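Chain and residue survey
The chain contents come next:
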Amino acid sequence: MQEYDIIVVGAGPAGLTAAIYGARSKRKTLIIEKLAAGGQAATTEEIENYPGFPKGITGPELAAMMAEQAKHFGAELLAAKVQGLVIDGARRIVKTNKGDFRAPVVIIASGAAPKLLGCPGELKFRSRGVSYCATCDAAFYEEAQVMVVGGGDAAVEEALYLTKFADKVTLVHRRDSLRAAKIAQERAKDNPKLEIVWNTVVEEIEGGDMVEKVVLKDVVSGGKRTVPIDGVFIYVGTEPNTDWLGGFVETDGQGYILTDENMRTNLPGVYAVGDIRKKPLRQVITAAADGAVAAVHAEKYLEDQLHSV
Amino acid sequence: MAGLIEVNKDNFDQEVKEANLPVLVDFWGPKCVPCMGLMPAVEEIAARYAGKMKFCKVNTAENRRLAIQQKVLSLPTFLFYKNGELADQLQGEFGPEEIEAKIKAMLGLN
């Protein structure tokens with residue numbers, strides 16, 4: 001079994017930052033990631049609120065630079081799927097499809113995944129008109145009519161991005177106001193290709209081989225109508241990727257991991273950072289901050305461990 | 001180095017539909033980070049199954065119509081063809097393990 005000082009699970013901004021700090025402390029650091037580095041940030045077209053990039057930066061570019069920075073300081077990046085966490089005395093073992101890895105410190109940064117809308121037709125038409133990644137799929141909808149579901153930052157930002165391709169973008173939101181940042185709200189209201197439909201939910205997605213229409217329901221009047229549409233992009237929040245942890249780590253009612261201000265979980269030597277953690281704001285910058293805090297505390301933990309032996 | 005064959009609308013029928021071997025077609029795009037992340041693993045798999053399976057890729061940024069004709073509207077998507085017919089597919093979140101499992105199923109290996 002290969003041994004490390006710090007194992008980071010997940011190569012989004014939180015995990016990569018933890019790895020940058022860990023590697024700079026000259027700790028043997030492994031980052032395990034099942035897909036490409038970057039996490040949800042890598043599926044975000046434009047990031048305008050991360051300091052240092054006054055003209056914005058694309059999610060994939062920022063993610064690639066963070067990964068490069070972690071590798072530059074000596075962190076190793078492994079493409080593997082984590083399957084479990086085992087606590088064995090002072091050792092933590094991360095089980096993966098590429099073998100088991102051992103370290104005194106594990107930093108959980110496996111993030112969150114898009115939440116499903118949960119309406120009939122959503123899964124049937126997934127990848128056939130239903131998408132959770134505008135950055136990946138927007139180009140398929142040139143000159144098309146698309147719908148975006150949600151009212152937060154992601155929904156509004158991605159709806160604006162889609163207007164660069166689609167003829168018309170309809171933003172459907174179940175409430176009568178948006179949660180997104182004011183600057184994005186103003187852009188949405190000023191964009192002639194974007195229409196916002198308030199107090200409305202998607203009841204069903206219908207079609208043949210691909211999406212053809214959606215049934216919308218007005219939550220105030222209860223009235224339903226069917227609208228022809230080519231694509232539906234869903235941005236209704238996220239769910240924590242905690243399945244692999246098997247219930248060892250304490251979470252809140254929604255499954256987000258509980259930590260203290262040093263990012264410690266209920267298990268000694270196990271930290272949680274980024275979107276997987278219960279926290280008030282999930283952004284690239286707060287993810288990065290979590291990673292730094294956890295890695296610095298982990299360094300103290302590793303030193304104490306050494307002295308106690 | 002056996003790479004993937006670049007396929008576009010002009011040679012899709014010839015390379016994919018008329019191929020003698022089963023064919024994997026990787027629909028990707030330069031802005032699709034998961035697609036780019038998969039690419040090295042796909043190349044490695046392609047090298048291992050060379051001669052048994054044919055490996056092609058379509059850059060959807062340059063071949064949007066071809067992708068839509070094949071009912072590909074989301075990336076990454078892998079389509080598997082046998083005797084000119086669509087035989088299987090992978091869409092959404094999948095990794096090298098799932099790709100190899102599909103290949104083995106296509107080739108009748110276990």
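Residues numbered from 1 in each chain as written. Chains lettered and ligands numbered in written order. Predicted model: local features only at pLDDT ≥ 70, side-chain atom pairs only at ≥ 80, totals over all residues.

**Description of the overall build of chain A**
Defined as follows: Counting from the N terminus, the helices are DSSP H or I runs at least four residues long and the strands are E runs at least two residues long. We compute the radius of gyration from the C-alpha atoms alone; for a globule the expected value is 2.2 Å times N to the 0.38, where N is the number of residues. Each residue is classed by its C-beta neighbour count within 10 Å, where at least 20 other C-beta atoms makes it buried, 12 or fewer makes it exposed, and intermediate counts make it partly exposed; the C-beta atoms are placed from backbone geometry.
When you go through chain A residue by residue, the secondary structure sums to 6 helices and 21 strands. For chain A, the C-alpha radius of gyration of 21 Å lies close to 19 Å, the compact-globule estimate for 309 residues. With respect to the principal axes defined by its C-alpha atoms, chain A has extents near 70 × 40 × 30 Å. Scored against the burial criterion, the 309 residues of chain A give a buried share of 48%.

**Observations concerning the nonpolar core**
Within soluble globular proteins, side chains that are nonpolar tend to cluster in buried spots. What counts is decided by this rule: Think of a nonpolar core as buried Ala, Val, Leu, Ile, Met, Phe, Trp, Tyr and Cys residues, each tied to the set through C-beta atoms within 7 Å. All domain edges in this entry derive from an automatic or database-based domain assignment. Each residue is represented by a C-beta atom placed from its backbone, and any two residues with such atoms within 7 Å are regarded as in contact.
In terms of nonpolar packing, the biggest core is built from 125 residues, with A:Ile7, A:Ile107, A:Val148, A:Val149 and B:Val25 touching the most fellow members. Shared between two domains, this core holds at least three residues of each, these being domain 1 (2-113 + 238-308) and domain 2 (130-234) of chain A. Not counting residues within four places of it along the chain, the set of residues in contact with A:Val149 comprises A:Leu117, A:Ala155, A:Val172, A:Val202, A:Val232, A:Ile234, A:Tyr235 and A:Val236.

**A few points about the domain arrangement of chain A**
A common measure of how large an interface is: the accessible area buried when the components associate. All names here are of chain A. In terms of domains, chain A is made up of domain 1 (2-113 + 238-308) and domain 2 (130-234). For domain 1 versus domain 2, the separation of C-alpha centres amounts to 32 Å. Taken residue by residue, the interface counts 5 residues in domain 1 and 6 residues in domain 2.

**Thoughts on unusual backbone geometry**
B:Leu75 connects to B:Pro76 through a cis peptide bond whose omega is -10°. Mapped onto the elements, B:Pro76 comes out in the loop between helix H3 (64-69) and strand S4 (77-82). A positive phi angle, near 65°, is found at A:Lys26, a position not held by glycine. Structurally, the position occupied by A:Lys26 is in the loop between helix H1 (13-24) and strand S3 (29-33). By C-beta crowding, A:Lys26 is classed as exposed, having 11 other C-beta atoms within 10 Å. In this structure, A:Glu143 is a non-glycine residue whose phi angle is positive, near 60°. Within the element layout of this structure, A:Glu143 appears in the loop between helix H3 (134-137) and strand S13 (145-149).

**A few points about the interface of chain B and chain A**
Put simply, the test is: Note that Gly is not counted as nonpolar here; it falls among the polar residues with everything else outside the nonpolar set of Ala, Val, Leu, Ile, Met, Phe, Trp, Tyr, Cys and Pro and the charged set of Asp, Glu, Lys and Arg.
At the interface, 22 residues of chain B touch 25 residues of chain A. When residues of the side of chain B that touches chain A are traced back to their parent elements, those giving at least two are helix H2 (33-48) and H3 of chain B. If one sorts the elements of the side of chain B that touches chain A by residue count, H2(B) sits on top with 5 residues. For the side of chain B that touches chain A, the class distribution of residues is 10 nonpolar, 8 polar and 4 charged.

**A look at the sheet that holds strand S2 (residues 23-28) of chain B**
Residues and elements named next belong to chain B. How we decide: A strand pair is defined by DSSP finding two or more bridges across the two strands.
Here we have 5 strands laid out as an open sheet, ordered S1-S3-S2-S4-S5, and mixed in their pairing. The open sheet terminates on both sides in strands that have one partner only, identified here as strand S1 (5-6) and strand S5 (85-91). Alignment of S2 against strand S3 (residues 54-59), held across 6 bridges, turns out to be parallel. Bridging across to S3, Val 23 finds its partner in Lys 54.

**Digging into the packing of H1(A) against helix H2 (residues 59-72) of chain A**
Residue and element names in this part refer to chain A. Quick note on the threshold: For helices, the fitted line uses only the C-alpha atoms of the stretch in contact; every axis is such a line through C-alpha atoms, and the angle between N-to-C directions lies from 0 to 180 degrees. Note on angle classes: values under 35 degrees are labelled roughly parallel, values over 145 roughly antiparallel, values of 65 to 115 roughly perpendicular, and the remainder oblique. Definitions for this section: a left-handed crossing has its near helix turned counterclockwise from the far helix by less than a right angle. A right-handed crossing has that turn clockwise.
Between H1 and H2, the least distance of the axes is 8 Å, while the angle of their chain directions is 25°. With respect to their mutual orientation, H1 and H2 come out roughly parallel. Our pair here, H1 against H2, has a crossing hand that is left-handed. Judged by residue contacts, Pro 13, Leu 16, Ala 19, Ile 20 and Ala 23 of H1 engage Met 66, Ala 67, Gln 69 and Ala 70 from H2. Its residues assigned to classes, the contact of H1 with H2 shows 8 nonpolar, 1 polar and no charged.

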